[in-house]
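# Topology and contacts: notes
Below, each chain spelled out in residue letters.
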Amino acid sequence: MKRTGTFPFTAIIGQEDMKKALVLNVVNPRLGGVLIQGEKGTAKSTAVRALADLLPPRSCVVGCRFHDDPKDSANWCDECHEKYDGKEPEAELLPMKVVELPVSATEDRVVGTLDIEAAIREGKRSFETGILADANRNILYVDEINLLDDHVVDVLLDSAAMGINTVEREGISYSHPARFSLVGTMNPEEGDIRPQLLDRFALSVYVAGEKDLDKRAEVIKRRLRYEDDPEKFLAEWKDAQAEEVRRIERAIRLLPQVTSSNDMLRLAAKLSIALGVDGHRADIVLIKTAETIAAVDGHTEVTKEDIRAAARLALPHRMRRRPFEEQKLSFEDVDKVIDE
Amino acid sequence: MRRRGYPFAAACGMEKAREAILIALVNPHAGGLLVSGEKGTGKSTLARAARSLIDAPWSEVPVSVTEDRLFGSVDAEAAIKNGERRLLPGLIDEADGGVLYIDDVNLLREDLLSSILTIRETGEYRLERDGISASRETHFTVLAVMAPESGTLSSSALDRFGMFVETPSLDDEENRMTIVRRVLDFERDEKKFAASWSEETAAIKEKLAAARDILPNVEVTDAMIKLSAVYTLKANVAGHRADIYLIEAARAIAALAGRKYLLPKDLERAAEFVLPHRMRKPPESEAAPPEENNAPPPPQTDKEPPPPEEMFNQQDELTPPPRTDTEEHEGSDERDKEDESMANPQTESGERVDAADTRVKLPPMWIEPPKSRRPTKGSGKRSNTKTDEKQGRYVRAELPRTKTSDIAFDATLRAAAPYQRFREKNGMALAIRKEDIRSKVREKRTGNIFLFVVDASGSMGARERMKTVKGVIFKILLEAYQKRDRVGMIAFRKSHAEVLLPVTRSVDFAQKKLASMPTGGKTPLAKGLFKTEDVLDMIYRQDAQQDPVVLLITDGRATSPIEKGGDAVADAMGEATRIGKRGLPIAVIDTENGFVKLGLAKKLAREMNAAYFAMDKLDEDDLMRIWRRTAM
């Protein structure tokens, strides 16, 4: 089947929080992913898949199974270390990808396994990579992440935490870099997500169907036009897409120069304490998100407003809560702390 | 892969955990260390950072580990190429003289953890697999990390860790700012960050090495041994393991301080790491063991007298005459009605919606978990069950009993390897024959299905009973949430029974349904049970391998028969007998209270072959026990 492309990201109406959260993760791959929750048919999956067209190319070591960054030798795989120790590796530009992890995936496909062909042909014990290897320096997308098997969640948690996939199974002992932006979508009515996994997401957004009548009609119109003639539709949106790519690339270039003052760090700590969130991940994510927002916005010093915007995305799922208590983040509380 | 990782010295605000790690590294006889902490407190970061402090081996056990890699297996490559039968060492061998690190230890299969801890204690093990039979020695320190919110370790596993420490979530701004600043700097440039901490790291390494040198010379006097016994007696710990760990940890503390003798403060400090996870309540306050099925709760003579309020209530209940079941039961009960209107707003139709009383108590209950008759599907935390599908965690390989498509290639390869020198290979490196084929044994954690059948009739609305019932279910839902169980709910009232909630994994959703469940009207108990059978049939159709647990909550006072003019109670008993024949784990929670009891729910429980509990005897600790038991 020939794929004519996906629905353009920029043609998605509304859902601003979701789009923003996704773009932030493209600009800053070390941010830590986003969980998108919402009812069926709210363009969750469409948006994630559409993101693929906006992903910028980045420098990779030629021939590396894990697309290592030639400049980041601290996170190289063993093979790159062996080949290029002290030398400059050959680099090529490859676009970032959205790697999908299907809910039915087995553990060996996720972490990798014994290369059977090599074993039978050459009698050699070697490692066949899994989805986590593909996901290194890419976006790992799990649709219906709340339905993922528990033992697959376990291995995801481990890699997401360490940025390394450690395999000790089926006669294989191997570890490789696995740093990915985890993007998950789920419909909360179909089941809960494990708290530990929830906490791994830097950001979370809730999406709902469009309530505005005119906008709703426009959603349907665009969808129909797209289905009627995808190529024509894509051509119409070409300029908007190109502009979005340029915006993202500008932000990527600016990000390393963005800094946060001690006042902003203190503000993040105050927010976390005031809202009673667990652990320290909230503070870290808050600052990283604010820095990324600043980069997208085109300034290099994090402001209160960046923190305010970051709090909307980084805090709602981290409120210390017992199951069943409504976890509604009160933005008034956030504003109160920020404006103090 | 080389791991640079966050420098140990740069971990902020975790002095206690840092000290515990150093003790564990100085003295392997201190029994290893379990680090526990809420998510995001940096426990894994700190524990892994310890790797750079030692020049000894460091093996990591991922939760996806298979037995061949953990304990060792035949080296298939050597067997194929040279016809040698050689042992390929496992992680516990590779850790010899160093550290075996286990992240998320509470997610590791319990039998594997138990084997690891046994080998750690004895320092040796026998390997019998793939035609290899070997006795081997290995000495390692176990360093493990867990996040308690995803499930705790059993107390027997806990007890086998020498030391235990928690990483706190810091609440002061300065510390939190420092943490954020350091993490950001680290992420921006790992090499530079590590370099800026190299002096501190070197100092810790030196201190550690010096302490290891001193350790063999640290003397323990009889007085110190006696003092340690005082500590362990006071803490009422089981067995003598704790005494040894306490003294060994104290020796390490002395060595770290550069001393060759123990001071009382060393023991005091060591006690903070060795005792917390094995302290037990003094025996007299230990709660009674769970009761047997169908046995009435024992008279609670040892309990404190009820507070004055309760006394008052009990006397109060003497006044209204005990009711037998009549058609007009709930409507005519003036007293109940009065109570209702005082306590809760009532809707026009006489219905009411009670809030859940979260302070409610549960009785000791013991639900016999279903025997694992066949492989079970589903995913969740409760039970480990073997599965027949290609899903679940690959645990080990075995000779296939029937034709298999789930081949364990690694095991097959090992089985074929020794014969390669003698076989015709047709240009391949390997000739595999049918007798070599091994299939995978997989294991899957399955959650249980809990089916609540709730009496929502008017009599349940009386005297806040429904509030209590909702409280009970709420508690059970809380547990179900953590264990990733599925729940369904049936309510019966007025003239019919309805499925309030089809079996779902969304416990949150269940809670919402429960909160808005109205009560009022007659008690169509028979119809409720009939509906229960419907739902059970549906569960079996979807998944013939699940045994749901049924929880029936009622006072047993059936008032509405299946057909007009029938006998409501007899109808209910008939349905109960039919459900009883299914042999499912069922519990009946009897909500009947008041001075004269009809005991219908108890009779119902007998008919259903169910465990019986009276709600007014329930207590919170009991609740936890029940769920732990059911979870086994």
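Note that the structure is predicted; figures quoted are calculated from it, not measured.

With that out of the way, let us pick up the overall build of chain A. Each helix and strand counted, chain A has 15 helices and 11 strands in total. For a compact globule of 340 residues, the expected C-alpha radius of gyration is about 20 Å, and chain A comes in at 21 Å, within 12% of that figure. With the principal axes as the frame, chain A shows a C-alpha extent of 65 × 50 × 40 Å. Scored against the burial criterion, the 340 residues of chain A give a buried share of 57%. Of the contacts made within chain A by residues no fewer than 6 positions apart, 74% connect residues no fewer than 24 positions apart.

What chain B contains, in helices and strands, is 24 helices and 20 strands. Within the span of chain B, comprising 632 residues, buried residues form 53% of the whole. Total accessible area computed for chain B in this model is approximately 28,600 Å², and 51% of it derives from carbon and sulfur atoms.

Attention shifts here to the domain arrangement of chain A. Residues and elements named next belong to chain A. Split into domains, chain A comes out as domain 1 (9-56 + 96-207) and domain 2 (256-339). The gap between the C-alpha centroids of domain 1 and domain 2 is 24 Å. Taken residue by residue, the interface counts 16 residues in domain 1 and 15 residues in domain 2. Taken together, the two surfaces of domain 1 and domain 2 that pack against each other cover about 1,500 Å², and 56% of this comes from carbon and sulfur.

Moving on, we get to the packing of helix α12 (residues 241-256) of chain B against helix α13 (residues 264-274) of chain B. Residues and elements named next belong to chain B. The interhelical angle for the contact between α12 and α13, taken along N-to-C directions, is 125 degrees, at an axis separation of 8 Å. Relative to α13, α12 is oriented oblique. The interaxial crossing formed by α12 with α13 has right-handed handedness. From α12, A242, Y245, L246, I247, A249, A250, I253 and A254 reach across to α13, where they touch D266, L267, R269, A270, A271 and V274.

Our focus in this paragraph is the side chain of A:N136. Residues and elements named next belong to chain A. Its location among the elements puts N136 in the loop between α6 (131-135) and β7 (139-143). Note on N136: relative accessible area 2%, which makes it buried. With near-sequence residues (within four places) excluded, N136 lies in contact with R58, F66, H67, D68, P177, A178 and R179.

A few words on the nonpolar core. Membership of the largest hydrophobic core comes to 72 residues, with the highest contact counts inside it found for A:L22, A:I36, A:L203, A:L271 and A:I307. The dominant element in this core, judged by the number of residues it contributes, is helix α13 (residues 281-297) of chain A, at 9 residues. When we break this core down by domain, the ones giving at least three residues each are domain 1 (9-56 + 96-207) and domain 2 (256-339) of chain A. If we ignore the near neighbours within four places in the chain, the residues touching A:I307 are A:M264, A:L267, A:L271, A:I287, A:A290, A:V302 and A:I338. Grouped together as the second largest cluster of nonpolar side chains are 59 residues, B:A30, B:V99, B:A249 and B:L267 included.

All names here are of chain A. Read across the sheet, 5 strands follow the order β4-β7-β10-β1-β11 without closing on themselves; strand pairing throughout is parallel. Edge positions in the sheet fall to β4 (98-100) and β11 (203-207), since each of these pairs with one other strand and no more. Sheet twist, expressed as the average angle between the axes of neighbouring strands with direction ignored, equals 20 degrees. With 4 bridges connecting them, strand β1 (residues 34-38) and strand β10 (residues 181-186) associate as parallel partners. Considered in β10, the bridge of L35 is made with G184. Against the sheet, helix α1 (residues 16-27) makes contact with β1, β7, β10 and β11, and its axis sits at roughly 155 degrees relative to β11, the strand it touches most.

So, about the interface of chain A and chain B. Every contact between the two is made by 78 residues of chain A and, on the other side, 78 residues of chain B. Between chain A and chain B, the buried area comes to about 7,200 Å², and carbon and sulfur atoms account for 53% of it. Joining chain A to chain B, the criterion identifies 9 salt bridges. The shortest N-O distance in the salt bridge between A:D283 and B:R176 comes to 2.7 Å.

Residues and elements named next belong to chain B. The sheet built from 5 strands is open, its strands ordered β2-β5-β8-β1-β9 with parallel pairing. Edge positions in the sheet fall to β2 (58-61) and β9 (163-167), since each of these pairs with one other strand and no more. Going from strand to strand, the sheet's axes swing by 20 degrees on average, the running direction of each strand aside. Pairing of β2 with strand β5 (residues 99-102) involves 4 bridges; the strand directions are parallel. Paired with W58 across the strands is V99, a residue of β5. Sitting on the sheet, helix α1 (residues 15-26) is in contact with β1 (33-37), β5, β8 (141-146) and β9, with an inclination near 155 degrees to β9.

What follows deals with the environment of B:A570. Looking at the secondary structure, you find B:A570 in helix α22 (residues 568-580). As for B:A570 and B:D410, which are separated by 160 residues in sequence, their C-alpha atoms are 61 Å apart.

This brings us to the packing of aromatic side chains. All names here are of chain A. Tallied over the entire structure, the rule returns 11 aromatic pairs over all chains. Judged by centre distance (5.7 Å) and plane angle (75 degrees), the ring pair of Y226 and F233 falls under edge-to-face. Judged by relative accessible area, which is 9%, Y226 ranks as buried. We classify F233 as buried; its relative accessible area is 1%.

Attention now moves to unusual backbone geometry. With a phi angle near 65 degrees, A:A43 is a residue other than glycine that sits in the positive phi range. At B:N236, a position not held by glycine, the phi torsion is positive, near 55 degrees.

This next bit is on helix α6 (residues 110-122) of chain B. Residue and element names in this part refer to chain B. A rise of 1.5 Å per residue sets the reference length of α6, with its 13 residues, at 18 Å; its end C-alpha atoms lie 18 Å apart and thus fit the reference within 8%. Restricting attention to buried positions, one finds in α6 the residues L112, L113, I116, L117, I119 and R120. Looking down the long axis of α6, one finds its buried residues gathered within 160 degrees of arc, a one-sided arrangement. Looking one or two residues beyond α6, the residue adopting positive phi is G123, at roughly 75 degrees.

Now for the pairing of strand β19 (residues 586-590) of chain B. All names here are of chain B. The buried fraction of β19 amounts to 5 of the 5 residues, a majority that puts the element mostly inside the structure. Taking every second residue as pointing to the same face, both faces of β19 are buried, with I586, V588 and D590 on one and A587 and I589 on the other. Both strand β18 (residues 549-554) and β19 contribute to a ladder of 5 bridges, which runs parallel. By the bridge assignment, T554 is partnered in β19 with D590. A crossover links β18 with its parallel partner β19, the connecting element being α22, and its sense is right-handed. Summarising the sheet, β19 and strand β20 (residues 611-614) pair through 4 bridges and their orientation is parallel. Bridge pairing in β20 places I589 opposite F613.

Next up on the list: the state of the cysteines. Put plainly, a disulfide is one covalent bond tying together the sulfur atoms of two cysteines. Residue and element names in this part refer to chain A. Evaluated as defined, the whole model comprises 0 disulfides over all chains. With no disulfide of its own, C60 lies 8.1 Å from the sulfur of C64, the closest cysteine sulfur. For C60, a relative accessible area of 0% puts it in the buried group.

Our next topic: helix α12 (residues 262-275) of chain A. The end-to-end C-alpha distance of α12(A), which contains 14 residues, comes to 20 Å, matching closely the 20 Å that a straight helix rising 1.5 Å per residue would cover. All of the buried residues along α12(A) are A:M264, A:L265, A:L267, A:A268, A:A269, A:L271, A:S272 and A:L275. Those residues of α12(A) that are buried are in contact with α13, α14 (304-314) and α15 (331-339) of chain A together with α8 (173-188) of chain B. Looking one or two places after α12(A), you find A:G276, whose phi comes out positive at around 65 degrees.

The next subject is a nonpolar patch on the surface. Together, A:V219, A:I220 and A:L224 make up an exposed nonpolar region whose accessible area comes to about 260 Å². One can find A:V219 in helix α9 (residues 213-228).

All names here are of chain A. Residue position: R308 is located in helix α14. Here the side chain of R308 touches D339 through a polar contact of 2.9 Å, side chain to side chain. For R308, the residues in contact, after removing those within four places along its chain, are D335, I338 and D339.

To continue, consider the pairing of β7(A). Sheet faces and side chains relate simply in a regular strand, where the side chains alternate between the two faces. Residue and element names in this part refer to chain A. In terms of residue burial, β7 counts as a mostly covered element, since 4 of its 5 residues are buried. Here β4 pairs with β7 via 3 bridges, running parallel. Following the sheet pairing, V99 is matched in β7 by L140.

Scoring rules and cut-offs
Residues numbered from 1 in each chain as written. Chains lettered and ligands numbered in written order. Predicted model: local features only at pLDDT ≥ 70, side-chain atom pairs only at ≥ 80, totals over all residues. Heavy atoms only, no water. Helix = DSSP H or I, 4+ residues; strand = E, 2+ residues; numbered from the N terminus. Rg over C-alpha atoms; globule rule 2.2 N^0.38 Å. Buried < 20%, exposed > 50% of the residue type's maximum accessible area, 1.4 Å probe, protein only. Contact = heavy atoms within 4.5 Å. Areas by Shrake-Rupley, 256 points an atom, 1.4 Å probe, with all protein chains shown as cover. Domains from an automatic or database assignment. Buried area = accessible area lost by both parts, 1.4 Å probe. Axes fitted to C-alpha atoms, helices over the stretch in contact; angles between N-to-C directions. Parallel < 35°, antiparallel > 145°, perpendicular 65-115°, else oblique. Left-handed = near helix turned anticlockwise from the far one by under 90°. Core = buried A, V, L, I, M, F, W, Y, C linked by side-chain atoms within 4.5 Å. Pairing = 2+ DSSP bridges. Salt bridge = Lys/Arg side-chain N within 4 Å of Asp/Glu carboxyl O. Phe/Tyr/Trp six-rings, centres within 6.5 Å; stacked < 30°, edge-to-face > 60°. Expected span 1.5 Å × (residues − 1). Arc of directions from axis to C-beta. Right-handed = clockwise from strand over helix to strand, strands pointing away. Disulfide = S-S within 2.5 Å. Patch = residues over 30% accessible without salt bridge, like charges linked within 9 Å, V, L, I, M, F, W, Y side chains within 5 Å. Polar contact = N/O pair within 3.5 Å; in protein donor to acceptor, adjacent residues only side chain to side chain.

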